[in-house]
Amino acid sequence: MGFTMGLNMILLLVMVATNILSLYHLSSTVQSPKPPLPSTVPDHLIRQLNTIRATINHLTRHNPSSAASVTKPTSAVPQDLILHSQIGPIASSCHNHPDLLHKYMDYTPFSTCPFDPDLQETLILNGCHPLPRRRCFSKTPAKQPSSLPLTPFPTSLPDSGVVWNKYSCKSFTCLLQNNPTGFDLNAQRASLLKYTSELDLPIPQFMQLAKSANSAVRLGIDIGGGTGTFAAVMKKSYNVTVLTTTMNVNAPYNEAVALRGLVPLHVPLQQRFPVFDGTMDLVRCGRAVNRWIPVPVLEFMFYDVDRVLRAGGYLWVDRFFSKAVDLEKVYGPLIRKLGYKKVKWAVANKTDPSGLKHGEVYLTALLQKPVSKT
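In this numbering scheme, every chain counts its residues from 1 along its sequence in written order. pLDDT decides what is reported in this predicted model: residues at 70 or higher carry local features, side-chain atom pairs at 80 or more are listed and counted, and totals for whole chains, interfaces and linings draw on all residues regardless. To get the side-chain values, take all heavy atoms of the structure and skip hydrogens and water.

Caption draft 1: The arrangement of the state of the cysteines in detail. Cysteine sulfur atoms that pair up within 2.5 Å are treated as a disulfide. If you walk through the whole model with that rule in mind, you get two disulfides. Two residues, cysteine 113 and cysteine 136, share a disulfide whose sulfurs are 1.9 Å apart. Of note, the bridge from cysteine 113 to cysteine 136 carries an S-S torsion of about 95 degrees and is right-handed in sense. Note that cysteine 113 is positioned in the loop between helix 5 (98-104) and helix 6 (117-125) and cysteine 136 in the loop between helix 6 and helix 7 (172-178), a separation of 23 residues in sequence. The pair formed by cysteine 113 and cysteine 136 is uniform in burial state, with each residue classed as buried. Through a disulfide, cysteine 169 is tied to cysteine 174; the S-S separation comes to 2.0 Å. Strands here are runs of E lasting at least two residues and helices are runs of H or I lasting at least four, both read from the DSSP assignment and numbered beginning at the N terminus. Think of it in three bands: residues with accessible area under 20% of the maximum for their type are buried, residues over 50% are exposed, and the middle band is partly exposed, with areas taken using a 1.4 Å probe on protein chains only.

Caption draft 2: Examining the pattern of salt bridges more closely. A pairing counts as a salt bridge when a side-chain nitrogen of Lys or Arg comes within 4 Å of a carboxyl oxygen of Asp or Glu. On inspection of all chains with the given rule, the structure shows 12 salt bridges. Glutamate 360 is the salt-bridge partner of lysine 350, the closest N and O atoms lying 3.6 Å from each other. Of this pair, lysine 350 sits in the loop between strand 6 (341-349) and helix 15 (353-358) while glutamate 360 is found in strand 7 (residues 360-368), placing the two residues 10 residues apart along the sequence. Taken as a pair, lysine 350 and glutamate 360 share a single burial class, namely buried. Each of the salt bridges in this network shares a partner with another, and the network as a whole consists of Arg291, Lys350, Asp352 and Glu360.

Caption draft 3: Expanded view of the confidence of the model for the protein chain. Per-residue confidence from the predictor is given as pLDDT, running between 0 and 100. On average, residues of the protein chain carry a pLDDT of 81, and 74% of them reach 70 or more. Here residues 1-34 is modelled with pLDDT under 50, and outside its nearest four sequence neighbours on either side it reaches 47 contacts, counting other chains as well. Any two residues whose heavy atoms approach within 4.5 Å are treated as being in contact. Note on residues 63-75: pLDDT under 50 across the span, and 23 contacts to partners over four residues away in sequence or across chains.

Caption draft 4: Representation of unusual backbone geometry in the model. Residues other than glycine seldom take positive phi values, yet asparagine 214 does so here, at roughly 55 degrees. Relative to the helices and strands, asparagine 214 resides in the loop between helix 10 (203-212) and strand 1 (219-223). Although it is not a glycine, asparagine 239 sits at a positive phi angle of roughly 55 degrees. Assignment of secondary structure puts asparagine 239 in the loop between helix 11 (229-238) and strand 2 (241-245). Residue asparagine 239 is classed as exposed on the basis of its relative accessible area of 68%.

Caption draft 5: Quick peek at the sheet that holds strand 6. A pair of strands is treated as paired once DSSP finds two or more bridges between them. Strand order in the open sheet formed by seven strands is 3-2-1-4-5-7-6, and the pairing between neighbours is mixed. Each end of this open sheet is capped by a strand with a single partner; those strands are strand 3 (263-265) and strand 6. Averaged over all adjacent pairs, the angle separating strand axes in this sheet is 15 degrees, with direction ignored. Here strand 4 (residues 280-285) pairs with strand 5 (residues 309-323) via five bridges, running parallel. Considered in strand 5, the bridge of cysteine 285 is made with valine 317. Each of strand 1, strand 2, strand 4 and strand 5 is contacted by helix 11, which is oriented at about 175 degrees to strand 2, the strand it contacts most. Orientation is described by lines fitted to C-alpha atoms, with helices fitted over the stretch in contact, and by angles between N-to-C directions that extend from 0 to 180 degrees.

Caption draft 6: The side chain of threonine 364, seen in detail. By the secondary structure assignment, threonine 364 is in strand 7. Overall, the relative accessible area of 0% leaves threonine 364 in the buried class. Any pair of nitrogen or oxygen atoms within 3.5 Å is treated as a polar contact; in protein, a donor-acceptor pairing is required on top of that, and neighbouring residues in sequence qualify only through side-chain atoms on both sides. At a separation of 2.7 Å, a polar atom in the side chain of threonine 364 contacts the main-chain carbonyl oxygen of leucine 199. A distance of 3.3 Å separates the side chain of threonine 364 from the backbone nitrogen of arginine 319, its partner in a polar contact. If sequence neighbours within four positions are ignored, threonine 364 has contacts with Leu199, Trp316, Val317, Asp318, Arg319, Lys344, Trp345 and Ala346.

Caption draft 7: Layout of helix 6. Residues Pro117, Leu119, Glu121, Leu123 and Ile124 constitute the buried set of helix 6. Where the residues of helix 6 are buried, they touch helix 5.

Caption draft 8: Geometry of helix 11. Those residues of helix 11 not exposed but buried are Thr229, Phe230, Ala231, Ala232, Val233 and Met234. Where helix 11 is buried, its residues touch helix 9 (185-193), helix 10, strand 1, strand 2, strand 4 and strand 5. Asparagine 239 occupies a position one or two residues after helix 11 and carries a positive phi of about 55 degrees.

Caption draft 9: Structural context of the environment of tyrosine 238. Topologically, tyrosine 238 is positioned in helix 11. With relative accessibility at 30%, the residue tyrosine 238 sits in the partly exposed group. The spacing of tyrosine 238 and valine 217 is 21 residues in sequence and 9.0 Å in space, taken between C-alpha atoms. The contact partners of tyrosine 238, leaving out residues within four places of it in the chain, are Ile203, Pro204, Met207 and Val233.

Spelled out as structure tokens, the structure:
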């Protein structure tokens, strides 16, 4: 009985600790004495709880974005844990944006929620993924589509499936004209199926490689997948379920993915993947994953990829671009640190004006997670 009560107390404290770092704890924290723990609680659980307490105290006493909090953490708090708190999904970065967060939470209860996707995107991209508005109704299009596409490659997507108020374009036709790279579904499909250079890994070739290795591919995540065309090809041609992480930056990408009968995940690159450990057969990093991402964020992302991949699963890095020297000294070693088997590793010069100016290269890599690690 004493052990059960102690364990329940720890679980309760962990939940409280997590909530303290959420949006409901913006300005101050009431410190309470540490409750006594029964002597029957295992030592490793007590140490874990003490680390959580120390982290909370540090984050709530100091601005988590200050350089001092990174370079000079309190001795009780692991430095990596403090760093991750600034870029991870535990909402500690909400402290840095109180005005935006208060604006986000300023709504009339029991009415329609404010339609402010731009505000939500700003908060999320700055590391503050706030809790949902609990007492208002989300805004939906005034007129729902009369029918939804039954194929992930329809001739057109229904405009009535989107609330267009905040976008300069008011239709998918407009988006196709102004952003063909993002919304030309057929051109995207063609690029995923053809081989024109060593940087290409056509989907049929990938599936053949997996088959020859007796490796089943059934579930996957496409990071920064835009309108979900990779997931669409995998679903239509191979009956593979792929989740697409995407953001609505200047266009309704999440709605486009959903209208195609696919699953969008509205999460930024620094967000922990909302799936369980060791359950994915494939994680693909599209062109949204590149040298503009801070190295610590990229490292945490790759280790979360390792967390969700099953043994024998694949990490597919598709045209990652960086400076050639950085690929050699930073990104290459970072990826190789995972210890995965190289199935494909191709590097070529990035020949557009930006690539020539900055001495950039592309990397396409297919890596397989070991079946067992020592």
